[in-house]
Amino acid sequence: MKFGKSDSTGIGRRIAKLVAYSVFAAMIILAVLLSVLQVKETFESKRAGLEATAFVFASAIADHVETRNSSEIQRVLRSVARVPSVLNAAALDRTGVTIAQMGNATFLRSDLINSNQSTLEMLTKGFLPISVDIRRGGEVVGSLVLLADVSEVRFHLLWNLMTTILGSLVAAGFAVQISRPLQRKITAPLVALTKAITKVRDTRSFEVANIEGAQGETKVLVESFNGMIDDIRTRDQAMQKLAYFDPLTGLPNRVHFQKIVDELFSNPDGPKTAALFVADIDNFHAINDAMGHSIGDAMLMNVAALFKDEAGETAQIARLGGDEFAICVPNIATVAEAELQLARFISTLYQPVKLLGQELHITVAVGAIVVPLQATTASEAQRYLNLALHEAKNLGAGRVCFYRQELAENIKVEAELAQGLRLALNNNELQVHYQPVVDLKTKRVSGFEALARWNHPTKGFISPARFIPVAEKSGMISELGDWILLKSCRQAKAWIDAGQSPRTVAVNISAAQIIQAGFMGKVRAALAQSGLPAELLCLELTESLFVGKSMTTVEKILYQLREIGVRTALDDFGTGYSSLSYLENLPFDKLKIDRAFVSGMKGGRKSIDLMKGIINLAHALGMSVVAEGAESLNEVETLRELDADSVQGYAYAKPAPADQALAIANQIDEQASYKNVANLR
Ligand code: C2E
Ligand code: MG
Ligand code: MG
């Protein structure tokens, strides 16, 4: 910071004043001293001159004083009075009695005698008394007193003082002018320093220019200040980096991205529209767990670099934390444009990534939103983006979801359902319905599938497909699952106790339930409390169980179940990954082919061949096959021809409360016996 001419503020003014006062005071003191000396000298020379005159006249009147001839003395005194500036002359005798006096002024006697008056007294009174001895033959016979007018000295003194004051004022002015450059040198850095400090205080920003040009102690002060500001700036930058950037990838972090989104809505000079994406790497946790955190980190850096390369100058990339990356592409106004942009980024992941000699294929679930088309505030945009990502993750790996209004509504409904579900168990709103499973060979009901039902007081029946995921998310699935398991086991045992032929009961177990500690204990307890033989219980698990979880944990549980005699079924086969490796490696007893597959058989030969292939494969792996959702007798017949073992569907019976389900099952059995008898005949 350089300083200008206008530094005569504050300290500058005070220095100018100091210079002016000092010069003025010095001049005045000097002038007064000189004047006093001059006055003294004037008085002294005046006194000396007058004394010399007085001596002359004293000797002239000595005889007359002796003889007290006052008329002669008077004559001489008259001459004395003619001497310029003498106001009065008096001759006194030895005793101090006036013998003769001459003059035009009246004086006090003391004035006449006191010839040793101080300079100040003489100045104030305006006259100078002189007294000399009158001697005759060496003997003092009297004294001659003269009183001289010295008022002009007073005038001179006043005049001198006046001119001195004026001169001093002019000198002080000059001094101030002359001292200005010097004063500026001293004060300017201080003024600049003060301004800088004030700016820092007012703006709370340390972005002030360095101060230059100081000297001496001020230089030390200014340099310390500059150094301190530099340190703070460096620290600020480091903190800024920490606060706004992700240390692993060097990308802007969540806080930074939030600012980017805020600016989209608040900066009038910025872009007016944008597409926002949040990408979450699928199964990242599994990769991290299986291959170690350093591989996980390498993968994140890889994705960051790929996205950053693709973004170039046209988009901004951020790492929101964990395996989530955000992308902001400005000047995108429609969903169609946004889809094109997103495709650019997703296609960068098509090439497999090589890490530790292994080729990894990365897929991401993406939530997307176009602003301001789909959100009118920054906080709305963030919230909707999260909802879209959440939905994309729910849909499965590699899925993209653009925000839709119903996502926000779903969340609200889900929250209400979760709230209601807590009360449902206590209020007996939950029931279990049973759907018969028919053996295709014997045509008899070999078992039932237990299906949860929620009879909501105001909403009526709510499908398990809706409330089971809510129970899973809200953590209620454990309590709910335990209740259904025990209730189903008890029901199956009650039927046996009532003399019915032993039939299996299949209970659906959600992924969240099975990985909970103590799951095996709960199964054992349900069997023990109900008294149901273990081999009559079948647990149905879906492929979702394996997503993001270690296979070995699930495998262990499946073997433990087999050990105690409980059967297991892989449910909904054909809807998820339909991975053959699950079939090959995991010890399932049954394979339940999903309804979509069964109804797909109408589509023609290819679908039927596929169904045949799956059934043969299951049999080859030692599993029996249950076909779900057969709605027509045609489908049942085809399934029988394809060698499926059992069938479960509306063609035979819908899920129903226990009593009705039993009645229907017995009816099916009866029909089977009748047909069998008929066939025998
Ligand atoms: P899921 O285990 O595959 O159950 C079979 C579903 O197919 C049942 O639906 C059943 O009513 C339906 N279904 C059976 N035959 C037919 C048919 O011919 N046509 C049609 N259109 N549908 C048929 P539901 O009862 O609505 O259950 C849906 C899903 O909810 C179940 O699929 C299961 O995954 C889950 N679920 C039901 N109860 C429970 C439970 O107690 N615990 C857990 N974890 N999940 C359950
Ligand atoms: Mg099931
Ligand atoms: Mg199923």
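### Points about the coordination of the magnesium ion (ligand 2)
Only Glu-449 (OE), Asn-508 (OD1), Glu-540 (OE) and Asp-571 (OD) from the protein coordinate the magnesium ion (ligand 2), and they sit 2.0 to 2.2 Å from it. Read N to C, the donor residues that coordinate the magnesium ion (ligand 2) are spaced as E-x58-N-x31-E-x30-D. The distance between the magnesium ion (ligand 2) and the magnesium ion (ligand 3) comes to 4.0 Å, and Asp-571 binds to both of them. With Glu-449 in strand 13 (residues 445-456) and Glu-540 in strand 16 (residues 537-541), the pair connects residues that are 91 residues apart, well separated along the chain.

### Notes on the pairing of strand 2 (residues 98-103)
Here strand 1 (residues 86-93) pairs with strand 2 via 5 bridges, running antiparallel. Each bridged residue has a counterpart across the sheet, and for Ala-91 the counterpart in strand 2 is Ala-100. Hairpin geometry of strand 1 and strand 2 is characterised by an intervening segment of 4 residues between the two adjacent antiparallel strands and by a positive phi of about 95° at Gly-96.

### Description of the packing of helix 8 (residues 284-291) against helix 9 (residues 293-311)
Relative orientation of the contacting elements helix 8 and helix 9 amounts to 140°, with a least axis distance of 6 Å. Comparing the axis directions of helix 8 and helix 9 gives the class oblique. Together, Phe-284, Ile-287, Asn-288 and Met-291 of helix 8 and His-293, Ile-295, Gly-296, Met-299 and Leu-300 of helix 9 make up the contact between the two elements. The residue inventory of the contact of helix 8 with helix 9, partitioned by class, reads 6 nonpolar, 3 polar and no charged.

### Considering the layout of surface pockets
In this model, the second largest pocket occupies a volume close to 300 Å³. Forming the boundary of the second largest pocket are 19 residues, of which Ser-446, Thr-504, Lys-590, Val-626 and Ser-646 lie nearest the centre. Within the residue set of the lining of the second largest pocket, elements represented by two or more residues are strand 12 (430-439), strand 13, strand 15 (504-508), strand 16, strand 17 (567-573) and strand 18 (590-593). Tallying contributions element by element places strand 13 first for the lining of the second largest pocket, with 3 residues. Along the lines of polarity and charge, the residues of the lining of the second largest pocket split into 7 nonpolar, 4 polar and 8 charged.

### Here's the deal with the domain arrangement of the protein chain
On domain assignment, one finds that the protein chain holds domain 1 (5-165), domain 2 (207-241), domain 3 (254-403) and domain 4 (414-673). Domain 1 and domain 3 are separated by 108 Å when their C-alpha centres are compared.

### Section: the pattern of salt bridges
Evaluation of the coordinates by the stated rule reveals 26 salt bridges. With a shortest N-O distance of 3.2 Å, Asp-589 and Arg-562 are connected by a salt bridge. Taken together, the positions of Asp-589 in the loop between helix 18 (580-585) and strand 18 and Arg-562 in helix 17 (residues 551-564) put the pair 27 residues apart, joining distant regions of the chain. Under the relative-accessibility criterion, Asp-589 is labelled buried at 18%. Judged by its relative accessible area of 39%, Arg-562 falls in the partly exposed class. With a closest N to O distance of 3.4 Å, Asp-609 and Arg-605 form a salt bridge. Of the two residues, Asp-609 and Arg-605 are both situated in helix 20 (residues 605-620); the distance of 4 residues between them amounts to about one turn of the helix. Using a relative accessible area of 42% as the deciding quantity, one classes Asp-609 as partly exposed.

### A word on helix 1 (residues 11-67)
Compared with an ideal rise of 1.5 Å per residue, which puts 57 residues at 84 Å, helix 1 spans 80 Å between its outermost C-alpha atoms and is within 8% of the ideal. Positive phi shows up at Arg-68, right after helix 1, with a value of about 55°.

### A word on unusual backbone geometry
Here Val-371 and Pro-372 are connected by a cis peptide whose omega angle stands at 0°. For Pro-372, the position within the fold is in the loop between strand 10 (364-371) and helix 11 (378-395). In this model, Asp-572 sits at a positive phi of 55°, which is unusual for a non-glycine residue. As for its placement among the helices and strands, Asp-572 is situated in strand 17.

### Remarks on the site of ligand 1
Near ligand 1, the surroundings consist of 23 residues, among which Arg-453, Asn-508, Asp-571, Glu-631 and Tyr-650 are the closest. The side chain of Glu-628 places a nitrogen or oxygen atom 2.9 Å from an oxygen atom of ligand 1. Separating an oxygen atom of ligand 1 from a backbone N or O atom of Tyr-650 is a distance of 2.8 Å. Burial of ligand 1 by the protein amounts to 84% of the accessible area it has alone, namely 790 Å². Among the secondary structure elements, those contributing two or more residues to the shell around ligand 1 are strand 13, helix 13 (464-474) and strand 17. A per-element tally of the shell around ligand 1 places strand 13 first, with 4 residues. Its residues assigned to classes, the shell around ligand 1 shows 10 nonpolar, 5 polar and 8 charged.

Cut-offs and rules
Residues numbered from 1 in each chain as written. Chains lettered and ligands numbered in written order. Predicted model: local features only at pLDDT ≥ 70, side-chain atom pairs only at ≥ 80, totals over all residues. Heavy atoms only, no water. Donors = N, O, S within 2.8 Å, 3.2 Å for Na, K, Ca; no water. Helix = DSSP H or I, 4+ residues; strand = E, 2+ residues; numbered from the N terminus. Pairing = 2+ DSSP bridges. Axes fitted to C-alpha atoms, helices over the stretch in contact; angles between N-to-C directions. Parallel < 35°, antiparallel > 145°, perpendicular 65-115°, else oblique. Contact = heavy atoms within 4.5 Å. Nonpolar A, V, L, I, M, F, W, Y, C, P; charged D, E, K, R; others polar. 1 Å grid on protein atoms, 1.4 Å probe; cavity = no way out; pocket = protein on both sides within 12 Å on 5 of 7 lines; lining within 4 Å. Points joined across faces, edges and corners; volume = space filled by probe spheres on them. Domains from an automatic or database assignment. Salt bridge = Lys/Arg side-chain N within 4 Å of Asp/Glu carboxyl O. Buried < 20%, exposed > 50% of the residue type's maximum accessible area, 1.4 Å probe, protein only. Expected span 1.5 Å × (residues − 1). Near = heavy atom within 4 Å. Polar contact = N/O pair within 3.5 Å; in protein donor to acceptor, adjacent residues only side chain to side chain. Areas by Shrake-Rupley, 256 points an atom, 1.4 Å probe, with all protein chains shown as cover.

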